[in-house]
Amino acid sequence: MIAISANAKKAISELNKHGYETYLVGGCVRDMLMGIEPHDYDITTSASPDEMKEVFKNERVIETGIKHGTLTVIYDGEPIEITTYRIDGEYKDNRHPASVEFTRNLSDDLSRRDFTVNALAYNERDGIIDLFGGRSDIENHIIRAVGDAKTRFTEDALRIFRAARFSSTLGFEIEQETKKAMIECAHLLNNISAERINTELTKLLLGKNVKNAIIENYEVLGVLIPEYLKMKGFDQKNKWHIYDILTHTAVAVEASLKVPHIRLALLLHDTGKVHTFFTDENGVGHFWGHNEKSAEIARDFLNKYKYDNFTKDAVYSLVKIHDTPIQEDKGFIKKRLNRLGADRFFDLIEIQRADNKAQNPELVNLQRIDNIEKMAREIVREECFSLASLKVNGKDLISIGITEGKKIGYVLNALLDEVIEDKLKNEREELLKRAKEIK
Ligand code: ATP
Ligand code: MG
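As the structure is a prediction and not an experimental result, all values here were calculated from the model.

Definitions and cut-offs
Residues numbered from 1 in each chain as written. Chains lettered and ligands numbered in written order. Predicted model: local features only at pLDDT ≥ 70, side-chain atom pairs only at ≥ 80, totals over all residues. Heavy atoms only, no water. 1 Å grid on protein atoms, 1.4 Å probe; cavity = no way out; pocket = protein on both sides within 12 Å on 5 of 7 lines; lining within 4 Å. Points joined across faces, edges and corners; volume = space filled by probe spheres on them. Helix = DSSP H or I, 4+ residues; strand = E, 2+ residues; numbered from the N terminus. Nonpolar A, V, L, I, M, F, W, Y, C, P; charged D, E, K, R; others polar. Domains from an automatic or database assignment. Contact = heavy atoms within 4.5 Å. Buried area = accessible area lost by both parts, 1.4 Å probe. Salt bridge = Lys/Arg side-chain N within 4 Å of Asp/Glu carboxyl O. Polar contact = N/O pair within 3.5 Å; in protein donor to acceptor, adjacent residues only side chain to side chain.

Side note on the layout of surface pockets
- For the largest pocket, the calculated volume is near 1600 Å³.
- As for the largest pocket, its lining consists of 43 residues, and the residues nearest its centre are Asp42, Arg112, Arg113, Arg162 and Arg196.
- Among the secondary structure elements, those contributing two or more residues to the lining of the largest pocket are helix 2 (27-33), strand 2 (42-45), strand 5 (78-84), strand 6 (86-88), strand 8 (96-97), helix 7 (158-170) and helix 9 (194-206).
- At seven residues, helix 7 tops the list of elements feeding residues into the lining of the largest pocket.
- The residue makeup of the lining of the largest pocket, split by class, is 12 nonpolar, 12 polar and 19 charged.
- One number sums up the size of the second largest pocket: a volume of about 630 Å³.
- As for the second largest pocket, its lining consists of 26 residues, and the residues nearest its centre are Trp240, Asp323, Asp355, Asn356 and Gln359.
- For the lining of the second largest pocket, the secondary-structure elements that each account for two or more residues are strand 15 (285-286), helix 19 (342-357) and helix 20 (366-382).
- Residues that form the lining of the second largest pocket fall into these classes: nine nonpolar, 12 polar and five charged.

Section: unusual backbone geometry
- A positive phi angle, close to 55°, is found at Asn94, a residue other than glycine.
- One non-glycine residue, Asp422, lies in positive phi territory at about 65°.
- By the element assignment, Asp422 lies in the loop between helix 22 (405-420) and helix 23 (428-438).

As for the domain arrangement of the protein
- With domains assigned, the protein is organised as domain 1 (236-363) and domain 2 (387-438).
- A C-alpha centroid distance of 36 Å is found between domain 1 and domain 2.
- Domain 1 puts four residues into the contact, and the matching count from domain 2 is five residues.
- For the pair domain 1 and domain 2, the summed buried surface comes to about 390 Å²; carbon and sulfur atoms form 54% of the total.
- Considering only the side of domain 1, the residues that lose the most area to domain 2 are Lys334, Lys335 and Asn338, jointly responsible for 87% of the buried surface there.
- At the junction of domain 1 with domain 2, the criterion picks out one salt bridge.
- One salt bridge in this structure joins Lys335 and Glu421, with 3.4 Å as the shortest N-O distance.
- Here domain 1 and domain 2 share one residue pair in polar contact (both at pLDDT 80 or more) between them.
- Classifying every residue of the side of domain 1 that touches domain 2 gives no nonpolar, two polar and two charged.

Structure (structure tokens):
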């Protein structure tokens, strides 16, 4: 078991000294048992909010969560969240309890928590408090709802997505009853706010077990992206593919860098295939225009789930161009770098690499992509591929008498084209000489 943060320990012993039961609870206990350093510490206590305020009256505290029983104590700049044992009241709208009630019983507080692995408490005096078998579920790598799964998912449907997310980040299997209830209640996710869902989806995408999490939770993903329901078992009927569309997508996501917009683009890249599939006279499957269709699906998804503008723009364009061929040719790469910008170009390379890794290994040539990336990195380091790196600018052209705005743009771009095609050196004197000829 990993040592507890000194500041969390101090807060716990302070409350204990005043006679209040106090424990670490939730994700941090789970992580400590798994040998993972927790990223934050949640503390739960029998002290009421007023009693907590009294105990910490000489410390710096933040009271914003006090209505829900949470006081944040700042020790050495580290915020420590402490929450009074709580019982959630009746749930309304599949997400929010209508009221919260404070209680003196730890067991009440633990039973409102979502999964057994998240319902453990710990302090040095009493050791681990495990009322729902969370410890053995951690050992056996199982996500299991606390209490009746269907009731718990109906109370708060976000828990359905959290189960899928934990199966990805922890690499655990979802227990059968819990799984069954997730599928039965999946439609309730429509009542959950966009922001909550996209936060959980990002965590799911970055998890170490994302491939299985996608494949096994396709019905849950299908509430967000209906195409997922058809992708499972969809035989692509061509030699490039050894997997159905769902498995291909899941393998591609897991093969890619852990970068949110890259993984989201891969999650969406082939969704259009279920709409564009046809077989030719030889029985070979084709998906003409699937990238455009996937991009449309991506755009609707990104808007509905309120992604930020950077993600919207990047994911939409990457999905749209995900399968445009890139030639292993310097001039071609420079033009693409110029058109897409270096960041987007390298994102595209990463997407194509992951996409290829999820195709028939006997037919793909990953070396080719590595070569293209290497060439592109050299170009970005050393060569000119954009107006910004051209050794003359608008002012220089004005100084040689090219003064009209449109003309300046035309000449600069013409010079850039010639430099990219290696017909002209990116050197000031030569560029100016050539500019005079072009004008
Ligand atoms: P992470 O490592 O991602 O922070 P976590 O388990 O700490 O995982 P949080 O979202 O930080 O997850 O929540 C802290 C704890 O609060 C959980 O461990 C769980 O006990 C409880 N919890 C959080 N969300 C819910 C929910 N929707 N329903 C029931 N309990 C929840
Ligand atoms: Mg947490």
